[in-house]
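Here's the letter readout for the chains.
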Amino acid sequence: MGCGDTCPVYPGKTYLDWKLDDPAGHGVETARPIRDEIERRIRGLLAELGIETA
């Protein structure tokens, strides 16, 4: 999820490259666990940054 080596790099910034399965061409039952994993990682990142979520 992202642009890999083609993204510009800005000094002093943190970049996360999450390896996730690509749901393209698969059904909703394949996409749901990927969606849930993205949500889990985002919530973890927000908690790490001290941002509360509902």
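Residues numbered from 1 in each chain as written. Predicted model: local features only at pLDDT ≥ 70, side-chain atom pairs only at ≥ 80, totals over all residues. Heavy atoms only, no water.

Trainee: I tried to follow the overall build of the protein chain on my own but got confused; where do I start?
Mentor: If you tally the helices and strands in the protein chain, you get one helix and zero strands. Here the C-alpha radius of gyration of the protein chain, 14 Å, is well above what a compact globule of 54 residues would show, namely 10 Å. Dimensions along the principal axes, computed over C-alpha positions, put the protein chain at roughly 40 × 35 × 10 Å. The proportion of buried residues among the 54 residues of the protein chain is 2%. In the structure as shown, the protein chain presents an accessible area of about 4900 Å², 56% of it carried by carbon and sulfur atoms. Side-chain charges in the protein chain split into 7 positive and 10 negative, and the spacing between the mean points of these groups amounts to 2 Å. (Helix = DSSP H or I, 4+ residues; strand = E, 2+ residues; numbered from the N terminus. Rg over C-alpha atoms; globule rule 2.2 N^0.38 Å. Buried < 20%, exposed > 50% of the residue type's maximum accessible area, 1.4 Å probe, protein only. Areas by Shrake-Rupley, 256 points an atom, 1.4 Å probe, with all protein chains shown as cover. Lys, Arg positive; Asp, Glu negative; His and termini not counted. Charge placed at Lys NZ, Arg CZ, Asp CG, Glu CD.)

Trainee: How should the environment of arginine 41 be read in this particular structure?
Mentor: Within the secondary structure, arginine 41 is located in helix H1 (residues 28-48). Residues arginine 41 and threonine 14 lie 27 residues apart in sequence; the distance between their C-alpha atoms is 15 Å. The contact partners of arginine 41, leaving out residues within four places of it in the chain, are Trp18, Lys19 and Leu20. (Contact = heavy atoms within 4.5 Å.)

Trainee: Sorry, what's going on with the pattern of salt bridges here?
Mentor: Pairing of side chains with opposite charge becomes possible as their charged atoms draw close. Summed over all chains, the structure comprises six salt bridges. One network of salt bridges, with partners in common, ties together Glu37, Arg40 and Arg41. (Salt bridge = Lys/Arg side-chain N within 4 Å of Asp/Glu carboxyl O.)

Fair warning: the whole summary comes from geometry, so function is off the table for now.
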